[in-house]
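One-letter residues, chain by chain:
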Amino acid sequence: MKLLQIPAVDFDLATTLDSGQVFHWEKIDHGFCGTIGDQAVYVEQVGDVLKVGCADTARPARETRTLHKIVADYFALDHPLSEICASFPNDPTMSSARDFCITSTRKGVPHIRQMSRVLRERFGEARKVDNRMVYTFPSPQRVAESSDKELRECALGYRAKNLLATARLVSSRAANLGAWAVLSDADLRAKLCELPGVAAKVSNCVILFAYQRLGAFPIDVWIERLLKEKYFPGERKVTPQRLRLFCESYFGEYGGYAQQYLFHYARKTKVGRLK
């Protein structure tokens with residue numbers, strides 16, 4: 001398989017794929033195989049270069065450029081990571097989180113990996129790359145055609161009902177995710193929270209990762225505990241609204257990146273663990 005080379009300065013492939021944000025990449029040989037959209041991809045890193053291949057080893061130049069863009073966009077290689085890290089607040093907690101994440105990786109979440117794998121194998125499309133079979137994520141239309149029972153058999157549990165209902169809204173275009181891209185952050189968050197099972201944390205994850213609003217700062221239980229312990233010590237009542245406003249102003253335009261460093265740091269070091 002011929003490998004395309006893509007510059008990837010300030011990027012760590014293994015850490016990124018083991019960050020807890022993607023769950024469908026499998027380690028093979030010197031790299032990883034998985035899918036980006038409906039494209040099966042193999043990728044490995046050598047220094048500051050990603051070596052990328054797909055099933056078709058004799059791709060025309062136009063398709064090679066497309067593969068380059070698909071991979072570069074997926075891994076956000078155009079984001080100025082050094083500049084982003086330099087923009088983080090200069091406080092002990094943020095500095096510790098940044099330094100910690102640069103030097104460590106974290107274990108995946110087995111249950112989420114299992115759900116992802118079974119869902120893709122049952123409802124996605126098979127693709128082959130380097131003699132390895134991988135499966136795409138199913139389209140909203142395909143999920144919408146399934147049943148609650150079938151989705152529960154993918155180990156989704158209570159999530160099955162919400163996934164099915166959301167897929168039907170998206171496939172019917174009652175929820176037009178593409179059209180929502182022009183909305184303000186506040187309006188986009190409100191629209192997303194109308195979807196079954198979506199609340200503030202999940203909506204901010206979608207805003208950050210899917211809509212590339214890099215200031216979005218998802219607050220889950222780990223982040224909430226860390227924020228209260230490190231930034232509001234001794235205060236008994238810190239409301240969700242106060243936390244949200246603090247994060248928006250304090251962590252700035254790259255708050256989403258800051259959140260990822262803090263999240264990884266909190267989970268690995270147990271900072272913010274309930275007493």
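Residues numbered from 1 in each chain as written. Predicted model: local features only at pLDDT ≥ 70, side-chain atom pairs only at ≥ 80, totals over all residues. Heavy atoms only, no water.

**Q** I tried to follow the packing of helix α11 (residues 221-231) against helix α13 (residues 255-269) on my own but got confused; where do I start?
**A** Between two packed helices, the angle of one axis relative to the other and the distance separating the axes together describe the packing. Packing of α11 against α13 leaves a shortest axis separation of 9 Å and a crossing angle of 90 degrees. For the element pair α11 / α13, the angle class is roughly perpendicular. Between α11 and α13, the residues in contact are W222, I223 and L226 and Q259, L262, F263, Y265, A266 and R267, respectively. Residue composition of the contact of α11 with α13, grouped by class: seven nonpolar, one polar and one charged. (Axes fitted to C-alpha atoms, helices over the stretch in contact; angles between N-to-C directions. Helix = DSSP H or I, 4+ residues; strand = E, 2+ residues; numbered from the N terminus. Parallel < 35°, antiparallel > 145°, perpendicular 65-115°, else oblique. Contact = heavy atoms within 4.5 Å. Nonpolar A, V, L, I, M, F, W, Y, C, P; charged D, E, K, R; others polar.)

**Q** What am I meant to see in the nonpolar core here?
**A** Within soluble globular proteins, side chains that are nonpolar generally end up buried alongside one another. Counting residues in each nonpolar core, the largest one holds 39 residues, and the members touching the most others are F88, M94, L227, Y231, F251, Y261 and L262. Put simply, the parts of the chain that give this core at least two residues each are α3 (81-86), α4 (92-102), α9 (185-192), α10 (200-209), α11, α12 (240-250) and α13. Here this core gets seven residues from one element, more than from any other, and that element is α13. Among residues more than four places away in sequence, those in contact with F88 are M94, R98, Y254, Y257, A258 and Y261. By size, the runner-up hydrophobic cluster in this structure holds 18 residues, among which are V22, V41, L50 and L67. (Core = buried A, V, L, I, M, F, W, Y, C linked by side-chain atoms within 4.5 Å. Buried < 20%, exposed > 50% of the residue type's maximum accessible area, 1.4 Å probe, protein only.)

**Q** Is there a simple way to think about the pattern of salt bridges in this case?
**A** A side chain of one charge can pair with a side chain of the opposite charge when the charged atoms of the two come close. In total, this model carries twelve salt bridges according to the counting rule given. For R98, the salt bridge goes to D99, with nearest N and O atoms at 3.7 Å. Each of R122, K149 and E153 takes part in one network of salt bridges that share partners. (Salt bridge = Lys/Arg side-chain N within 4 Å of Asp/Glu carboxyl O.)

**Q** Where do I start with the packing of aromatic side chains in this structure?
**A** When we look at a pair of aromatic rings, we describe it by the centre distance and by the angle of the planes. On inspection of all chains with the given rule, the structure shows 14 aromatic pairs. Judged by centre distance (5.9 Å) and plane angle (85 degrees), the ring pair of Y231 and F251 falls under edge-to-face. Highlighted residues: Y231 in helix α11 and F251 in the loop between α12 and α13, separated in sequence by 20 residues. Exposure remark for F251: the relative accessible area of 2% places this residue in the buried category. Among the aromatic residues, ring-to-ring pairing joins F217, Y231, F232, F246, Y250 and F251 into one connected group. Above the plane of the ring of W222 lies R225, whose end atom (NZ or CZ) is 5.9 Å from the centre. (Phe/Tyr/Trp six-rings, centres within 6.5 Å; stacked < 30°, edge-to-face > 60°. Lys NZ or Arg CZ within 6 Å of the ring centre and 35° of its normal.)

**Q** Is there a simple way to think about unusual backbone geometry in this case?
**A** Glycine aside, a negative phi is what most residues show, and trans is what most peptide bonds show. One non-glycine residue, R173, adopts positive backbone phi at about 65 degrees. One non-glycine residue, Q212, adopts positive backbone phi at about 60 degrees. Looking at where Q212 falls in the secondary structure, it is placed in the loop between α10 and α11.

**Q** Just checking my understanding: could you explain the pairing of strand β6 (residues 126-129) for this structure?
**A** It is a general feature of regular strands that their side chains alternate between the two faces of the sheet. Of the pairings in the sheet, the one linking β6 to strand β7 (residues 132-135) comprises four bridges and is antiparallel in character. If you follow K128 over to β7, its bridge partner there is M133. Turn length for the β6-β7 hairpin, with the two strands adjacent in sequence and antiparallel, is two residues, and the turn residue D130 shows positive phi of about 50 degrees. (Pairing = 2+ DSSP bridges.)

**Q** When you look at the state of the cysteines in this model, what are you seeing that I'm missing?
**A** As used in these notes, a disulfide is a covalent bond between sulfur atoms, one from each of two cysteines. In total, this model carries zero disulfides according to the counting rule given. Cysteine C247 is unpaired, with the sulfur of C205 as its nearest cysteine sulfur at 13 Å. (Disulfide = S-S within 2.5 Å.)

**Q** Before we go on, may I ask you to explain the pairing of strand β1 (residues 4-7) in this structure?
**A** Judged by which residues are buried, β1 turns out to be one-sided: L4 and I6 face inward and are buried, whereas Q5 and P7, on the alternate face, are not. In terms of strand pairing, β1 meets strand β5 (residues 49-54) through four bridges, oriented antiparallel. Bridge pairing links Q5 to K51 in β5.

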